[in-house]
Structures are given as structure tokens and as C-alpha cells.
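Reading the structure
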Amino acid sequence: MEYPRSYSSSSSSSHYFNNHLQEEEERLNSVTSLNYSQSHYHPSTAAYHHCLATLKGHTSSYVSSLTLSGNFLYTGSSDREIRSWDRSLLQSEFDHHSSSAANMVLAGKGAVKSLVVQSDMLFSAHQDHKIRVWKIRSHDNEAHNQKCTRVATLPTLGDRATKVLIPKNHVQIRRHKKSTWVHHVDTVSVLALSGDGALLYSVSWDRTIKIWRTRDFTCLESVNNAHEDAINAMAVSTDGLVYSGSADKKIKVWKRVEGEKKHILVDILEKHNSGINALALSCDETLLYSGACDRSILVWEKREAVEEEEEEGGGYNGKMVVVGKLKGHTKSILCLAVVSDLVCSGSADKTIRVWRKGNNNNEYSCLAVLEGHNGPVKCLTTVVDDGDPCDEGSSFLVYSGSLDCDVKVWKIFVPPL
């Protein structure tokens, strides 16, 4: 099975991780823990949750990615499968088998690492170093059926042809091998869209960030050697900031300066003591959440200015300040998802934790621990449950994909603060 470059199931990696666990804990002690035990809260404030459905379409391969778009859930597997599921058929409490998947396509080699949707276009990132673009159409005039047809593979043939004959467009990728800068040369790990959908960002284990124009799929820019190791995570804000997280233990912040064509590095965030696997922005984008192999979720706050003594105190990196950490998972954090004031985290410990931010950015509680997967939780997405309005709280749906090959649909009811 394929894991993020910073996480391995091998016995040697486990031995290394255990030997360094105490050292990592000591290094993280400078960051205040924000989560409070559930026992400190009255039972009336606890979240009610249960598993609505288990989707078993990926029977021989683990679930490596998922995303939501409208009434459909899209899932990608380690065995090059992409499936779509009609969410309206998943709201009853029974197990769903492969017949519930409205559509399935096979693409490339290896795992489907990331999925994003823009309008009627689905973009998929793959272990075979490529990005594929799919046109989504309703099938047989039935709203609950879809057909995905591949319309492009990035980089496109036209994009490659215009670059290949010009020497300056070639970069060294190995000692005796070169490639044009529009090519990823290792697993494409994450995709993300700009706020207006005009740009597609991709990051890779080849340590590059690439920016593509969604209108014609042209590669506009490549940030080479963006990190010192594989890039496993990315988040893009509506104001154009790009956050990348790597196995080199760093989060880097990039921004395109107005009037310039290139992204520049504006910040480096260093507090984790192991590889970073997941990043997520709060709904108002003032907070960044990062999850790593050190079992911690760090909370970073965007601030316009701080006093000099705060900078010298160690939490200040450019415009991002560490306000604390969320502790509770017993193994690596593999994925994060945000909805409303909730943060959901999936871990190699096979659980999903649901955290709620209080009235202040340094107040958090763990509302629920979702148990039921038989393998590490690899990917998550969340959405408000509009179909179940309630005056006495809020209802949410959480979709989780695991190395146990299952996708689970969870319903969470959260009482008011």
C-alpha cells in the first residue's frame, strides 16, 4: 500500500517513529494544547453521531481520495478507480455495495491521489505523475446517473510540443535525465482550485508546485524545489495565498505579487517535528490547521502585526502565529476537513475526531470520536446536512475513506454552544 512519503507502515519506520516519539513530544511542549477532555463538558453539549452507510464499491483497493460536488460523492482508489455515488441514495442506514456506484472509470497506473470538481469538470491527480480532466454528464436523462468522459491529460500534448524544442524549458530531474518543466516526474499528491476556479494548483512528491489555467489546461508556472522533500498537502485561500506542507516538516506560504507572473515565498512555518500530511483552512480563512506524523494538529492564526516580544517568543512566522495544538490521536494525522466551526481529523489510529472551535481561536473541544474503520483513515470531506434542519443545533455529514477499502457516511448532530 502507498502512503504519504512521511508515513510508512513498515516495521523499520514504526521503530524509527517510536524511538523518536519522546523527543518529538518534548519539542512540541512549547505549543499550548487547546483541546479539552470531553469529561469537562456537560452531556448536553456532546455531539450525537452515528454511521449512516458503508460504501463497499472499492472491494480490492483502498480509498485514497474523495470529494463532494452537489448531489454526488466522488471517490478514488489505490487501484486507479474513480467512482461516483448519488448522495440522495446514501441517506438510509444499510450497507451499500458496488451497484450503488452510478459510474466507474479506470485511469492511469496506481492510486488516484486527489480529486477536485469545478462546474462540470472533474480533475484527478495520479500516482503515474499525471493529472486527468473529466467531463461530467448526466446519463440517460437521469439525474442520479452520471457519465465521466476523459477530455484531457495534463500536461497536454500541445503544451509539451511548444516546450520540448526549446532548451531553456528543460530541467534536470535525475543525473542523466531531463524533462520539460511542465511535467511532474513523481506522484501528484494534491490538487486545489483558486477561489474563482480559473487556476488549478498541483503539488507532487517531485517537490514542485505547478499552476494550470483551467480554461485551456495550459501550465502557467512551475515552482521548482519548493521543498526539500515530497509535498503531501496543500491549501489555497481566496486571496491567493498557497500553503504547501511537506515531508521536510515545513509549511511554506506562497503568493503571486500583483503585476507579476511568478509566485514568491512569503513565509515558512516550522513547528512540527515530523512530516506534514494534511492542511485545511477555516471557513473565514483566518486559521490554518496542519496535521503531521507527530500526532498533533497545529492551529495557526493569521495576524497583520504582532509586538516584537511576541516574535522573539517563538510563535511568530511572518503573518502566521501558532495558537496551539489539538492532541488526542495516537498515531499520524493523515487528513483534515473543515465545515462551519468544526474540524475533522482522520488518523492512522483508525479513528476520526471532531473538534469544535469555541468563541476564541484558542478554545477547542473534542466533540466526538468516530470509530468503525478497520484501517487508517486516509481522506475526509464534510458538508452541512441541509436535509435535516434543526432549531436546537446543527447537523453535518462526514464522508471518510480508509485503507480498509470502505467509505463511510457519518451523521453528526452538534448542539449550540
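Keep in mind that what you see is a predicted model, and the values were worked out from it rather than measured.

Let's talk about the sheet that holds strand β13 (residues 188-193)
The four strands are arranged β13-β14-β15-β16 in an open sheet whose pairing can be described as antiparallel. The sheet terminates laterally at β13 and β16 (219-223), the two strands that pair on one side only. Put simply, the sheet's adjacent strands are angled 20° from each other on average, direction ignored. Alignment of β13 against strand β14 (residues 199-204), held across five bridges, turns out to be antiparallel. Residue V188 lies in a different strand from β14, and its bridge partner there is S204.

Side note on the layout of surface pockets
Any space left empty among the atoms is revealed by the rolling of a water-sized probe across them. Its boundaries defined by the atoms lining it, the largest pocket holds a volume of some 1300 Å³. Contributing elements (two or more residues each) for the lining of the largest pocket: β3 (63-69), β7 (112-118), β13, β17 (231-236), β21 (276-281), β26 (333-339) and β30 (377-384). No other element matches the six residues that β26 contributes to the lining of the largest pocket. Of the residues belonging to the lining of the largest pocket, the class tally is 28 nonpolar, 14 polar and three charged.

Re the side chain of T180
Summarising the element assignment, T180 is placed in strand β12 (residues 177-180). Side chain to side chain, T180 and H183 meet in a polar contact 2.6 Å long. In contact with T180, not counting residues within four places along its chain, are K163, V164, N169, H170 and V171.

Brief notes about the nonpolar core
Side chains of nonpolar character tend, in soluble globular proteins, to be buried together. With 18 residues, the main nonpolar core has L342, I352, V354, L370, L380, I412 and V414 as its most contacted residues. Among the elements of the structure, β26, β27 (342-347), β28 (351-357), β29 (364-371), β30, β31 (394-402) and β32 (407-414) are those that each provide at least two residues to this core. Filtering out sequence-adjacent residues up to four positions away, V414 remains in contact with A47, L342, R356, L367, G393, S394 and F396.

With respect to the UniProt feature "repeat: WD" (unreviewed entry) in the protein chain
The feature "repeat: WD" (unreviewed entry), as given by UniProt, occupies residues 181-222, 224-255, 269-301 and 326-365 in the numbering adopted here. Taken end to end, residues 269-301 has its terminal C-alpha atoms 11 Å apart, with 0% of it in helix and 55% in strand. Each end of residues 326-365 is marked by a C-alpha atom, and these two atoms are 9 Å apart; helix forms 0% of the span and strand 57%.

Considering the environment of A152
Tracing the sequence through the fold places A152 in strand β10 (residues 142-154). Residue classification places A152 among the buried residues on the basis of a relative accessible area of 9%. Between the alpha carbons of A152 and F217 there is a distance of 8.1 Å; along the sequence they are 65 residues apart. Excluding anything up to four places from it in sequence, A152 contacts I131, R132, V133 and F217.

Remarks on the confidence of the model for the protein chain
The predicted model of the protein chain has a mean per-residue pLDDT of 84, with 80% of residues at 70 or higher. Overall, residues 7-17 carries pLDDT values under 50, and its contacts beyond four positions in sequence, including any with other chains, amount to 13 contacts. Contacts from residues 93-99, a stretch scored under 50 in pLDDT, to residues over four places away or in other chains number 19 contacts.

The rules behind each value
Per chain, the residues get numbers from 1 upward, laid out in the order the sequence is written. Totals for whole chains, interfaces and linings use every residue, but because this is a predicted model, local features are given only for residues with pLDDT of at least 70 and side-chain atom pairs only at 80 or more, for both listing and counting. To obtain the side-chain values, all non-hydrogen atoms of the structure were included, while hydrogens and water were left out. In this analysis, strands are considered paired if DSSP registers two or more bridges between them. To qualify as a helix, a DSSP run of H or I must reach at least 4 residues; to qualify as a strand, a run of E must reach at least 2; elements of each kind are numbered from the N terminus. In this description, a line fitted to the C-alpha atoms serves as the axis of each element, helices being fitted only across the stretch in contact, and the angle between N-to-C directions of two axes falls anywhere from 0 to 180 degrees. Note on definitions: the grid is 1 Å and covers protein atoms alone; a cavity is a set of points where a 1.4 Å probe fits but cannot get out; a pocket is an open set with protein on both sides within 12 Å along at least five of seven lines; lining residues have an atom within 4 Å of a point. Grid points are joined across faces, edges and corners, and a volume is the space filled by probe spheres set on the points. Gly falls in the polar group here, along with every residue not listed as nonpolar (Ala, Val, Leu, Ile, Met, Phe, Trp, Tyr, Cys, Pro) or charged (Asp, Glu, Lys, Arg). Under this definition, polar contacts are N or O atom pairs within 3.5 Å; protein pairs additionally need one hydrogen-donor-capable and one acceptor-capable atom, and for neighbouring residues in sequence, both atoms have to be side-chain atoms. Note on contacts: a residue pair is in contact if any heavy atoms of the two residues lie within 4.5 Å. Nonpolar cores are built from buried Ala, Val, Leu, Ile, Met, Phe, Trp, Tyr and Cys residues. Side-chain atoms within 4.5 Å join them into one set. The buried label goes to any residue with under 20% of its type's maximum accessible area, the exposed label to any with over 50%, and the partly exposed label to all in between, with areas taken from a 1.4 Å probe on protein chains only. UniProt positions are given in the numbering used here, feature names are shortened, and annotations may be inferred rather than shown by experiment. pLDDT runs from 0 to 100 and stands for how confident the predictor is about each residue.

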